[in-house]
Amino acid sequence: MDWDSQFAMFMPHGMCLLWRPELMSLHIVSDALIALAYFTIPFGIMRFVRGRDDLQNRHRLLALLFASFIALCGLTHVISIFVLWVPIYIIEGWIKAVTAAVSVITAAWLIPLIPQALKLPSVTAMQREIAAHRETMAALDAARAALAVKVDRTENELREAEQHRHQSVAVLSTVIEVVPGLIYAKDRAGRMLFANKATLGLIGREWQEVQGKSDIEVLGDRRQAETVMANDRRIMDSGETEELEEIFDHPEKGQRVYLSTKVPFGDAGEGIEGMVGLSVDITERKELDKELLHVSRRTAMGDMATAIAHEINQPLAAVTLYLDGSTALLAKDRYEGPLIRTLALAKDQCLRAGEIIRRVRSFVSGGDEVRQPENLSLLVDEACGLALLGSRESGVITSIEHDDADIRVVVDRVQIEQVIVNIVRNAMDAMADAENATLRVTTGYGADGMAMVSISDSGPGISADISGRLFEPFFSTKGVKGMGVGLSICRTIIESHGGKIWTEPNQETGASFRFTLPSPARESAA
Amino acid sequence: MTEPLLVHIVDDDEPVRMSLSFALEAVGFEPATYVDADDFLARGRDKGGILISDVRMPGMNGIELTRVLRQGGSNMPIMLMTGHADRELQTDVISAGADAVLGKPVELALLLEEIERIVAARA
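Residues numbered from 1 in each chain as written. Chains lettered and ligands numbered in written order. Predicted model: local features only at pLDDT ≥ 70, side-chain atom pairs only at ≥ 80, totals over all residues. Heavy atoms only, no water.

Here's the deal with the overall build of chain A
Link 1 in the chain: Broken down by element type, chain A carries 16 helices and twelve strands.
Link 2 in the chain: Looking at chain A as a whole, 35% of its 526 residues qualify as buried.
Link 3 in the chain: Put simply, 60% of the contacts in chain A that link residues at least 6 apart link residues at least 24 apart.
Link 4 in the chain: When the accessible surface of chain A is summed, it comes to about 31700 Å², and 60% of that surface belongs to carbon and sulfur atoms. (Helix = DSSP H or I, 4+ residues; strand = E, 2+ residues; numbered from the N terminus. Buried < 20%, exposed > 50% of the residue type's maximum accessible area, 1.4 Å probe, protein only. Contact = heavy atoms within 4.5 Å. Areas by Shrake-Rupley, 256 points an atom, 1.4 Å probe, with all protein chains shown as cover.)

Quick look at the structure:
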């Protein structure tokens, strides 16, 4: 159909309005304003769509449809104005049809979206929710901050605890290292887990050489090591702490006695994992104990000697008087036979016994130190007599010689006798296994004009390495038998008298002990 | 012939007492024996003669006996005998008033010398 035919067939819509200007105007203005509004809205929609980048594609399409539908509606109103003059009703019809189609599609698309749209929260609700969300976020932030502080504090505490632990460990290791005792730990098989400096000093090795090794591998003396390992095994088997004495060879100090306290660790029975030990050197203490025992034995001996002296003196006194009385009776009867002599001999023996008791008692009881002038040769005779009591069977040939029988010394008789007895006894002990044992005691003057006593034996002599230590307290070559104090006391006594004591080897065999004492007679004579 | 000298012997130990008595009698003294100091004070103190007493005795000892006698004005010669005549004891004995102290065992000859000496000293 062409324009001409349309024009020919219909009449303009204005005719229906009778071309009345007021009615025409009303329609024109209204349609124009509607169209204007309808054309404006799509622009707004398009602007909205373009501005919201979060929209889904189908929502974008819906908005496009909506804009088209409104724009088409606007177009129908424009056409309505147009047909007032030009009767293009067919075109108008088709435009309306298109508009209708677009409208229906839009509506059809829109309806299912309504429930979704209803679900969309209102702005206030949204705002409320946002506020709540903000509060939650703030609370979360606060919590996070609090947590951070807490974490910080925990870290500090951990750091402090670690520092504290470090300090404790440092103190503990210092203590373990400076303690004079041996501290060590061993595993169930006796392998070294730990050893402090003192322990390593005893073993004489570095920790690297000792770690994980057993005693038998590190200790020089196999027997000592076996004993120690047996002790350790027993303690770990029983699970019981033990205190015991152990002997070790110290590289510098020689053989030492240790008091060891050993404590098993781990669960009792199968669970014992090892043991910790603390060993303290008690060598000196043991020597002192021995000396104490010696002193108390001596005190007891003194008491006993006094008691025995009294008990024996009484019968001796009686026998002496009976013998003397008998002699007197025989003399009265003018008897001159052999009984006089035998009675006298019997009496001499009684007096001798009495003298021995007197000497033993004054020697053992010691008494207060009293220095007075003494005849050195008599003093030496008496002391030797005492020292050699009961030694006649030993077969030792003894001789006592005095260069000068009248050497005067101012001394405590008992103390000097003690020195002589000590040295003579030592000499006798030294010659216990010697053949042709000879003891020679001489008195005279030394090169410096002091009175001198020499006591020589034919024993094995004194080796050079111990002769320097002979006069030290607790030094003994006699093992359990010796007290180790005799010679140190001798030195103290002689030096307190202003003299000197020393030893020298003999030319042939054995050793000589010599001591000097000031002699006032000789000094004044000089 | 002069009267034998009366010698009072005080000793708790019977063998000592009897041997002393035997020996002194053998050389011509007249011994009298007492088991302790009280015995002597009861029976012998006023009879004259001399006293030989042990030092260590149960009850009153020899030094105390000497003191008692001297405090009572006795001029009797007194000799004490002891098993252990140390210096301290000697001082005590002399200060108590005894004339001599002898250690046991003692020879009869020495005993006689001492008796002679103390008798002469108190004469």
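Next comes the rest of the description.
What to know about the packing of helix H12 (residues 376-387) of chain A against helix H13 (residues 413-430) of chain A
Residue and element names in this part refer to chain A.
Link 1 in the chain: One can describe the packing of H12 onto H13 by two numbers: an axis separation of 9 Å at closest approach and a directional angle of 50°. Classed by the angle they form, the pair H12 and H13 counts as oblique. Helix-helix and strand crossings are classified by hand; for H12 and H13 the assignment is right-handed. For the pair formed by H12 and H13, the contact residues are Leu-378, Leu-379, Val-380, Glu-382, Ala-383, Cys-384, Leu-386 and Ala-387 on the first element and Arg-413, Ile-416, Glu-417, Ile-420, Val-421, Val-424 and Arg-425 on the second.
Link 2 in the chain: Split by residue class, the contact of H12 with H13 holds eleven nonpolar, no polar and four charged. (Axes fitted to C-alpha atoms, helices over the stretch in contact; angles between N-to-C directions. Parallel < 35°, antiparallel > 145°, perpendicular 65-115°, else oblique. Left-handed = near helix turned anticlockwise from the far one by under 90°. Nonpolar A, V, L, I, M, F, W, Y, C, P; charged D, E, K, R; others polar.)

Here we look at unusual backbone geometry
Link 1 in the chain: Cis geometry marks the peptide bond from Lys-104 of chain B to Pro-105 of chain B; its omega dihedral reads -10°.
Link 2 in the chain: On the secondary structure map, Pro-105 of chain B appears in the loop between strand S5 (100-103) and helix H5 (108-122).
Link 3 in the chain: Positive phi values are uncommon outside glycine, yet Trp-19 of chain A reaches one of about 55°.
Link 4 in the chain: Examined against the element boundaries, Trp-19 of chain A turns out to sit in the loop between helix H1 (3-9) and helix H2 (21-51).
Link 5 in the chain: For Trp-19 of chain A, a relative accessible area of 38% corresponds to the partly exposed category.
Link 6 in the chain: Positive phi, close to 60°, is recorded for Arg-334 of chain A, a residue that is not glycine.
Link 7 in the chain: Residue classification places Arg-334 of chain A among the exposed residues on the basis of a relative accessible area of 72%.

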